[in-house]
Amino acid sequence: MGTPGLVERVRRLGGHEVRWLVSLGWWVARRRIGVAAGDRAFGYAAAQAALVYGLTFVCVVEMVGLAVLLRNHPVAHGVMLVVDVYALLMMLGMQAAAVTRPHVLGSGVLWLRDAARMEIRIPLERIVSVRYDLRSAPAGSGSEAAGEAGVKRGSDVLAFAVGGQTSVTVELREPVVAVRLSGRRPAVRTVRFHADDARGMVAAVRTAVAAPDEGRPRADRT
């Protein structure tokens, strides 16, 4: 797919900022986004929680330290305070987005999400196999505490890594277009992602794939 223009990239980045900010409110309210009645939600935020909270603590320590060092320089102190508060909110916002935007197994669709950065909707009829598949993600291919899901150039494999790993692999009979945060739209046939209850999610997806039409090819059970 073609490279998106500057306006499109700025618009998408702005949308990302809004989504994680909104997620903070949903997190405080202990609610989830996009999970309808009858849907099954599967979280993935636990694997990155220690890293995010560790970085948040570092931000707080830095904020206090700079406040002391710049106490006699009010302009610089004010600027750095704004920067530090934004960084702190961003760290918490990334965790909030991951908590409030779980993977969703709905009616006829598997909705996989990478916090506020990216999502992909997979029609259940396109799933050939789903399996528990614990892998360490290649450097730069996953979300970790920042970035976006990775698709290697020339590859049709999409990876939503959390905490440096993926734990579920879904193979598709037909490609699905994924829209990245940058605006690129790769077509993928294999999706690797993490779920806190990976084995439970695999079992649920297999059941959902097999249930609507007993005559349709089922997800591989290997």
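Please read all numbers here as calculations on a predicted model, not as lab measurements.

Thresholds applied
- Residues numbered from 1 in each chain as written.
- Predicted model: local features only at pLDDT ≥ 70, side-chain atom pairs only at ≥ 80, totals over all residues.
- Heavy atoms only, no water.
- pLDDT = per-residue confidence, 0-100.
- Helix = DSSP H or I, 4+ residues; strand = E, 2+ residues; numbered from the N terminus.
- Contact = heavy atoms within 4.5 Å.
- Salt bridge = Lys/Arg side-chain N within 4 Å of Asp/Glu carboxyl O.
- Buried < 20%, exposed > 50% of the residue type's maximum accessible area, 1.4 Å probe, protein only.
- Pairing = 2+ DSSP bridges.
- Expected span 1.5 Å × (residues − 1).
- Core = buried A, V, L, I, M, F, W, Y, C linked by side-chain atoms within 4.5 Å.

## What to know about the confidence of the model for the chain
(1) Moving on: Per-chain confidence: the chain averages 86 in pLDDT, with 85% of residues scoring 70 or above.
(2) Moving on: Considering each helix and strand of the chain separately, the mean pLDDT is smallest for strand S6 (residues 150-151), with a value of 57, and largest for strand S1 (residues 40-42), with 97.
(3) Moving on: Confidence drops under pLDDT 50 across residues 140-148; counting only partners more than four residues distant or on other chains, this segment forms 30 contacts.
(4) Moving on: Between residues 214-219, whose pLDDT stays under 50, and residues either more than four places distant or in other chains, the model counts 14 contacts.

## Brief notes about the pattern of salt bridges
(1) Moving on: One pass over the structure, following the stated rule, counts five salt bridges.
(2) Moving on: One salt bridge connects Arg 117 with Asp 114, and the closest N-O pair in it is separated by 3.2 Å. For the pair shown, Arg 117 and Asp 114 are each scored as buried.
(3) Moving on: Several salt bridges share partner residues, and in doing so they unite Arg 131, Asp 133, Arg 135 and Glu 171 into one network.

## Quick notes on unusual backbone geometry
As a rule of thumb, non-glycine residues mostly have phi less than zero, and peptide bonds are mostly trans rather than cis.
(1) Moving on: Positive phi is not limited to glycine here, since Arg 30 has a value of about 60°.
(2) Moving on: Along the chain, Arg 30 turns up in the loop between helix H1 (6-28) and S1.
(3) Moving on: Here Ala 115, not a glycine, exhibits a phi torsion of approximately 55°, which is positive.
(4) Moving on: The exposure class assigned to Ala 115 is buried, which follows from its relative accessible area of 6%.

## Things to note about the pairing of strand S8 (residues 165-177)
(1) Moving on: Bridge analysis of strand S5 (residues 127-136) against S8 gives seven bridges, and the strand direction is antiparallel. By the bridge assignment for S8, Arg 135 is matched with Thr 166.

## Topic: H1
(1) Moving on: With 23 residues, H1 ought to run about 33 Å at 1.5 Å a step, and its terminal C-alpha atoms sit 34 Å apart, in line with that.
(2) Moving on: Those residues of H1 that sit buried are Arg 12, His 16, Trp 20, Ser 23 and Leu 24.
(3) Moving on: Looking at the packing, one finds that the buried side of H1 touches helix H3 (74-100).
(4) Moving on: Of the residues one or two after H1, Arg 30 is the one with positive phi, at around 60°.

## What about the nonpolar core?
(1) Moving on: Within the largest apolar cluster, 28 residues are counted, with the highest numbers of intra-cluster contacts made by Leu 110, Leu 112, Ile 120, Ile 127 and Val 191.
(2) Moving on: Looking at this core, the elements that each hand over two or more residues are strand S3 (109-114), strand S4 (118-123), S5, strand S7 (157-160), S8, strand S9 (187-193) and helix H4 (198-210).
(3) Moving on: With seven residues, H4 is the largest single contributor of residues to this core.
(4) Moving on: Each residue touching Leu 112, except ones within four places of it in the same chain, is listed here: His 103, Met 118, Glu 119, Ile 120, Ile 122, Phe 160, Val 191, Phe 193 and Met 201.
(5) Moving on: Counting residues in hydrophobic clusters, the runner-up holds ten residues, among them Ala 97, Ala 98, Ala 116 and Val 162.

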